[in-house]
Amino acid sequence: KQYVVKDCWTRSGRMAIEEDMLRRMKEKGLTYGVPVLAVAWTVQISGKDDSTDLRRPSYLFEQGSLPPETRIHCHLLLESVDEPLTSFSCIQELLSVLINIVDVHERLIFLCCILHRAISINNILMYIFEGTWPLQAIEGDESDARLSQREEIIQQHRFRHGLLIDFDYAKFTDGMAGATASGGEQTGTIPFMAINIFEEYVMPEGAINHKLKHNLESLIYVLVRDLAVFKRSDLHLQLPLQEFTDYFKDLKDTVGLLYDALLQSYSNGGPKLGYTTIKNILLNAFLTIQEPSLLNTK
C-alpha cells in the first residue's frame, strides 16, 4: 500500500478533531471517497508535545496581553494517494468525481453523523479506487439503470473517483462531543462559502448554524469555479479566464439547473437543496455530454 502523511496543527480545545472524524468513518465502514486513517500521533520535541507555545517568543505571553491561540503539532498516516481536481482528464470525469462527492457527503451525514463544513476545490481530490463503489443512494430512489450505465463508463475509461479530504473543521451531528463548532472558528473557504455563511463572515450579527444545504451550495460553486476560471488546452488547465470557454459550453444548461435549484431553496416555501436534486442534474449531464474520454492519451 501507499500512504501519505498529513502534517497538521490542530487547535487546542477543539471539541472534536480530524482524527476523531476519521476514526468514526472507519468504524462505520466508510472506507471509500474519504481518507482512511492508519495511525495518528502527536509530534514530540524533547519529550514534550510539540505546539505553537513551544515555538513562540516569551514576550507573546507577557502579563496583560491576550494569550495567543495554541495549536498542537500532529501527524496523520493516511491510506490514499491522490491528485488535484483540476487534473481531470475530460468533462465526464469531472462530473463523475462530483457525483462521488455527493455520494460521500450523503453517507457522512446518514451513516457517520459528520458534517464537513469546508467544501472547496482544494478539498476535493481524485484517486484510483480499486474496490466496488456502492451504486444505491441512501436518500431517494436512485436504483434506475443510469447508475449502472455510469459505472460501465467509469470502468471503460478508467476514470478516477472523488476523494473528500480535510476534516479539520468538520463536526459531529449526533449530539456526541464536538456537535457544535468551537468558539472563533471560521468554517469554509470564502470563494465557496454558502451565501448565509458568507454574510455572517463579513457582517457578524449572530452565529449561523452550518447545515447540510450549505455544503451542497459550496459544491455547486466548486463546479462553477472550474468552468469560469480554467481553460482546456492540450490536456492542460490554464489561468485565467473570466467566463465559460467553448470547452465547457455544453455544461451551461447544467449549471443553470443547479443555480435554479439553489435559488428556489432560498425562496420562502421553496424546495430544499438536497442530494437527489444535485445528483440527478449531474448524472444527466454525465450521460449526455458529447466528449470522448482523453484519459488514455496521457
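Preceding this paragraph is the structure being described.
The shown structure was predicted, so the numbers you read here are calculated from the model rather than taken from an experiment.

J.: Explain the overall build of the protein to me, please; I cannot follow it from the model alone.
T.: Helices and strands together make up the secondary structure of the protein, namely eight helices and 12 strands. Here the protein holds 298 residues, and the buried ones make up 46% of them. By sequence separation, contacts in the protein at least 24 residues apart represent 77% of the contacts at least 6 residues apart. About 15,200 Å² of surface is accessible on the protein, with carbon and sulfur atoms providing 52% of the total.

J.: What should I look at first to understand the nonpolar core in this one?
T.: A general trend in soluble globular proteins is that nonpolar side chains are found buried together. Counting residues in hydrophobic clusters, the biggest one holds 71 residues, and the most contacted among them are Met25, Leu108, Ile114, Ile124, Phe167 and Leu282. In terms of residue count, helix α3 (residues 91–110) provides more of this core than any other element does, 11 residues in total. For Leu282, the residues in contact, after removing those within four places along its chain, are Leu95, Leu98, Ile99, Val102, Leu223 and Leu258.

J.: Even after reading the chapter, I still don't get the side chain of Asn215, so can you show me in this structure?
T.: If you trace the backbone, Asn215 turns up in helix α6 (residues 212–229). A distance of 2.6 Å separates a polar atom in the side chain of Asn215 from a polar atom in the side chain of His105. Among the polar contacts listed, one links the side chain of Asn215 to the backbone nitrogen of Arg117, at a separation of 3.1 Å. Those residues within four positions of Asn215 in sequence are excluded, and the remaining contacts are His105, Leu115, His116, Arg117, Ala118, Ile119 and His210.

J.: Even after reading the chapter, I still don't get the packing of helix α7 (residues 252–266) against helix α8 (residues 275–288), so can you show me in this structure?
T.: Two quantities define a packed helix pair, namely the angle between the axes and the distance from one axis to the other. Interaxial distance between α7 and α8 falls to 10 Å at its minimum, and their mutual angle equals 175°. Here α7 lies roughly antiparallel to α8, going by the angle between them. Within the contact between the two elements, α7 uses Thr254, Leu257, Leu258 and Ala261 and α8 uses Thr277, Ile278, Ile281, Leu282 and Ala285.

J.: Whenever I open this one, α7 confuses me. Can you help?
T.: Since the α-helix turns once every 3.6 residues, residues separated by three or four places project in the same direction. Between its terminal C-alpha atoms α7 stretches 21 Å, which fits the 21 Å expected from 15 residues at 1.5 Å a residue. Every buried residue belonging to α7 is among Thr254, Val255, Leu258, Ala261 and Leu262, and all of these are buried. Buried residues along α7 cover an arc of 120° about the axis, so they all sit on one side. Of the exposed residues in α7, those oriented more than 90 degrees away from the buried face are Asp253 and Leu263.

J.: Mind showing me how you'd approach the pattern of salt bridges here?
T.: Side chains that differ in sign of charge can pair as their charged atoms come close. Summed over all chains, the structure comprises 14 salt bridges. Note that Asp53 is salt-bridged to Arg56, the shortest N-O span being 3.4 Å. Of the charged contacts, one joins Glu69 and Arg71 as a salt bridge, the two residues approaching to 2.7 Å between their closest N and O atoms. Each of Lys6, Glu18, Asp166 and Asp168 takes part in salt bridges that share partners, so that together they form one network.

J.: Is there a simple way to think about the packing of aromatic side chains in this case?
T.: Given two aromatic rings, one states the distance between the centres and the angle between the planes to describe the pair. Scanning the model with the defined rule gives six aromatic pairs in all. Aromatic ring contacts, followed pair by pair, group Tyr32, Tyr127, Phe129 and Trp133 into a single cluster.

J.: Would you explain the sheet that holds strand β2 (residues 37–42) in this entry?
T.: Picture the strands of a sheet paired through backbone hydrogen bonds; they go either parallel or antiparallel. The strand order across the open sheet built from three strands is β1-β5-β2, with neighbouring strands paired in antiparallel fashion. Two strands lie at the open edges of the sheet, namely β1 (4–11) and β2, each paired on one side alone. Looking at each pair of strands side by side, their axes are set apart by 25° on average, direction ignored. The sheet contacts of helix α1 (residues 18–27) involve β1, β2 and β5 (71–78), and relative to β2 the element is tilted by about 155°.

J.: Sorry if this is basic, but what is going on with the sheet that holds strand β6 (residues 83–84) here?
T.: Strand order in this open sheet of three strands is β6-β8-β9, and the pairing throughout is antiparallel. Strands with a single pairing partner mark the edges of an open sheet, and in this sheet they are β6 and β9 (161–164). Examined bridge by bridge, β6 and strand β8 (residues 124–127) share two bridges and lie antiparallel to one another. From the neighbouring strand, Glu83 faces β8, where its bridge partner is Met126. Lying on the sheet, α3 is in contact with β8 and β9; it crosses β9 at an angle near 45°.

J.: Is there a simple way to think about the packing of α3 against helix α4 (residues 145–157) in this case?
T.: Their axes nearest at 12 Å, the elements α3 and α4 cross at an angle of 125°. Judged on the interaxial angle alone, α4 and α3 are oblique. In this structure, α3 meets α4 at a crossing whose hand is left-handed. Here Gln92, Ser96, Ile99 and Asn100 of α3 come into contact with α4, specifically with Arg150, Ile153, Ile154 and His157. When grouped by side-chain class, the residues that make up the contact of α3 with α4 number three nonpolar, four polar and one charged.

J.: When you look at the state of the cysteines in this model, what are you seeing that I'm missing?
T.: Chemically, a disulfide is nothing more than a covalent bond linking the sulfur atoms of two cysteines. For the coordinates displayed, the defined rule picks out zero disulfides. Not engaged in a disulfide, the cysteine Cys74 finds its nearest cysteine sulfur in Cys8; these two sulfurs lie 5.2 Å apart. Its sulfur unpaired, Cys112 is 7.7 Å from the next cysteine sulfur, which belongs to Cys113. Assessed through its relative accessible area of 1%, Cys112 is described here as buried.

Quick notes on the rules
- Residues numbered from 1 in each chain as written.
- Predicted model: local features only at pLDDT ≥ 70, side-chain atom pairs only at ≥ 80, totals over all residues.
- Heavy atoms only, no water.
- Helix = DSSP H or I, 4+ residues; strand = E, 2+ residues; numbered from the N terminus.
- Buried < 20%, exposed > 50% of the residue type's maximum accessible area, 1.4 Å probe, protein only.
- Contact = heavy atoms within 4.5 Å.
- Areas by Shrake-Rupley, 256 points an atom, 1.4 Å probe, with all protein chains shown as cover.
- Core = buried A, V, L, I, M, F, W, Y, C linked by side-chain atoms within 4.5 Å.
- Polar contact = N/O pair within 3.5 Å; in protein donor to acceptor, adjacent residues only side chain to side chain.
- Axes fitted to C-alpha atoms, helices over the stretch in contact; angles between N-to-C directions.
- Parallel < 35°, antiparallel > 145°, perpendicular 65-115°, else oblique.
- Expected span 1.5 Å × (residues − 1).
- Arc of directions from axis to C-beta.
- Salt bridge = Lys/Arg side-chain N within 4 Å of Asp/Glu carboxyl O.
- Phe/Tyr/Trp six-rings, centres within 6.5 Å; stacked < 30°, edge-to-face > 60°.
- Pairing = 2+ DSSP bridges.
- Left-handed = near helix turned anticlockwise from the far one by under 90°.
- Nonpolar A, V, L, I, M, F, W, Y, C, P; charged D, E, K, R; others polar.
- Disulfide = S-S within 2.5 Å.

Interpretation note: all reported values are geometric properties and have no functional meaning in isolation.
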